[in-house]
Amino acid sequence: MSSRIPIVYSDEVRQALDEGRPVVALESNVITHGLKYPHNAETAHRVEAAVRKGGSVPATICVEDGAVRVGMTERDIERFASESGIPKVSSRDLPVVLARGGRGATTVASSLVAAELAGIPFFSSAGLGGVHRGAETTMDVSSDLIQLTRSKVAVVCAGAKMILDLKLTMEYLETQCVPVIAHGSDDFPAFYCASSGVRAPHRVDDEDLLARIVDLHWATGHPGGVVVTTPPRDEDAVDSGEAEAAIRDALAQAERDGVTGQGLTKYLMHAVDRATGGRTAQANMAVLISTAEVGGRLAAAYARHQAEQS
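Before going into details, it helps to say that this report is about the structure given with it. Predicted, not measured: the structure shown is a model, and the values here were computed from it.

## Brief notes about the overall build of the protein
Looking only at helices and strands, the protein features 13 helices and 13 strands. In terms of C-alpha radius of gyration, the protein reaches 18 Å, essentially the compact-globule figure of 19 Å for 310 residues. Each of the 310 residues in the protein was classed as buried or not, and the buried ones make up 54%. Considering only residue pairs separated by 6 or more positions, the protein has 74% of its internal contacts joining residues 24 or more positions apart.

## As for the nonpolar core
Counting 90 residues, the largest nonpolar core has Val70, Ile120 and Tyr192 as the members making the most contacts within it. The biggest single contributor to this core is helix H13 (residues 279–309), with 10 residues. If sequence neighbours within four positions are ignored, Ile120 has contacts with Leu17, Val23, Val24, Ala25, Ala59, Val70, Ala115 and Val153. Grouped together as the second largest cluster of nonpolar side chains are 10 residues, Cys62, Ile77, Ala81 and Ile86 included.

## Concerning the side chain of Ser111
Take Ser111: it is sitting in helix H6 (residues 108–118). One polar contact links the side chain of Ser111 to the main-chain carbonyl oxygen of Thr107, over a distance of 2.6 Å. Excluding its chain neighbours within four sequence positions, the residues that come into contact with Ser111 are Leu26, Glu27, Ile61, Thr106 and Phe123.

## Considerations on the packing of aromatic side chains
With the rule as written, the count across this model stands at three aromatic pairs. Here the aromatic rings of Phe122 and Tyr302 are separated by 5.4 Å at their centres, their planes lie at 55°, and the arrangement is tilted. Of the two residues, Phe122 is situated in strand E7 (residues 122–124) and Tyr302 in helix H13; the sequence distance between them amounts to 180 residues. Of the residues examined, Tyr302 reaches a relative accessible area of 8% and is grouped as buried. Consider the rings of Phe191 and Tyr192, whose centres lie 5.3 Å apart with planes at 50°: the pair is tilted. Residue Phe191 shares its accessibility class with Tyr192, and that shared class is buried. Within the aromatic cluster, the residues linked to one another by ring pairs are Phe122, Trp218 and Tyr302. Positioned over the ring face of Tyr9 is Arg14, at 4.4 Å from the centre of the ring.

## A closer look at the state of the cysteines
Scanning the entire structure with this criterion turns up zero disulfides. Free cysteine Cys157: the closest other cysteine sulfur is in Cys193, separated by 14 Å. On the basis of relative accessibility, which here comes to 0%, the residue Cys157 falls in the buried class.

## Let's talk about the packing of helix H11 (residues 240–257) against helix H12 (residues 263–275)
What describes two packed helices is the angle between their axes and the distance between those same axes. Relative to each other, H11 and H12 sit at 130°, their axes nearing to 9 Å. Considering their axes alone, H11 and H12 lie oblique with respect to each other. Seen along the crossing, H11 lies across H12 with a hand that is right-handed. Two secondary-structure elements touch here, H11 through Ala246, Ile247, Ala250, Leu251, Gln253, Ala254 and Asp257 and H12 through Leu264, Tyr267, Leu268, Ala271, Val272 and Ala275. Partitioned by chemical class, the residues of the contact of H11 with H12 number 11 nonpolar, one polar and one charged.

## Focus on the side chain of Glu27
Examined against the element boundaries, Glu27 turns out to sit in the loop between strand E2 (23–26) and helix H2 (29–32). Lacking a salt bridge, the buried Glu27 has Lys161 as its closest oppositely charged neighbour, with an N-O distance of 7.0 Å. Only 2.9 Å separates the side chain of Glu27 from the side chain of Ser125, close enough to count as a polar contact. The contact partners of Glu27, leaving out residues within four places of it in the chain, are Thr60, Ile61, Thr106, Thr107, Val108, Ser111, Phe123 and Ser125.

Cut-off values and rules
Residues numbered from 1 in each chain as written. Predicted model: local features only at pLDDT ≥ 70, side-chain atom pairs only at ≥ 80, totals over all residues. Heavy atoms only, no water. Helix = DSSP H or I, 4+ residues; strand = E, 2+ residues; numbered from the N terminus. Rg over C-alpha atoms; globule rule 2.2 N^0.38 Å. Buried < 20%, exposed > 50% of the residue type's maximum accessible area, 1.4 Å probe, protein only. Contact = heavy atoms within 4.5 Å. Core = buried A, V, L, I, M, F, W, Y, C linked by side-chain atoms within 4.5 Å. Polar contact = N/O pair within 3.5 Å; in protein donor to acceptor, adjacent residues only side chain to side chain. Phe/Tyr/Trp six-rings, centres within 6.5 Å; stacked < 30°, edge-to-face > 60°. Lys NZ or Arg CZ within 6 Å of the ring centre and 35° of its normal. Disulfide = S-S within 2.5 Å. Axes fitted to C-alpha atoms, helices over the stretch in contact; angles between N-to-C directions. Parallel < 35°, antiparallel > 145°, perpendicular 65-115°, else oblique. Left-handed = near helix turned anticlockwise from the far one by under 90°. Nonpolar A, V, L, I, M, F, W, Y, C, P; charged D, E, K, R; others polar. Lys, Arg positive; Asp, Glu negative; His and termini not counted. Salt bridge = Lys/Arg side-chain N within 4 Å of Asp/Glu carboxyl O.

Written as structure tokens, this is what we have:
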């Protein structure tokens, strides 16, 4: 942990870390840039409850008053959920916001930085960013993937968003030596779709074995993380064929509207949600919760493994 980075822990998270109990890091961007109030606050509380159900302590991360806050209180979540204009802070923005004494909501990338600084080896998110469609000409690759190669944090997620080029995303992870392990399925899931159509390189359903794999990855000297995927539940999943058709229509409309860069992902997600009658947004919420519970279980298994090794 760097003493030069101001970190403020909630009492619960600080006590859990001191006692060697499992903690799961969570991003705050889903609170500020996801659903409208009060549904965003309700979802954040449900995600934290799911981590607890899995046997771990939740640590939702944000930036405020020039410090990284690890473990948002109920009051913090309500403030971030109800106030407008709170910026999204990715890993490249983090030093700027900290130096200026500002605040912001953490993305996957900045949450990975914060989690490693705070000594939290597990992070849960609904889905990763990845290589965008057309990246061979736009060079549009999510900072999530870059940060995965730099932060020693295991990411538990439902794969990556269907709007991305998931085959190229998997190729990138392979090139960067990031282990991708499917838990509960054979395929790499696509966020709210059970399968991306891409086979995962490894499937491991035994949670204790998975904990050992994560430990050995870092023991071999790798500086980056591990991706553990878990698919959405059958009752929550969206049909991949329907989602793909909606995405292709949305991409064509985005090109006509001249939407590119950072605004493209949000544009596409909203367009697909409209095309599916709101079912993708509902599936997104459900995946946040189900993934958090699995993250809680895996973090607990890792904590048991670490205790056995000491």
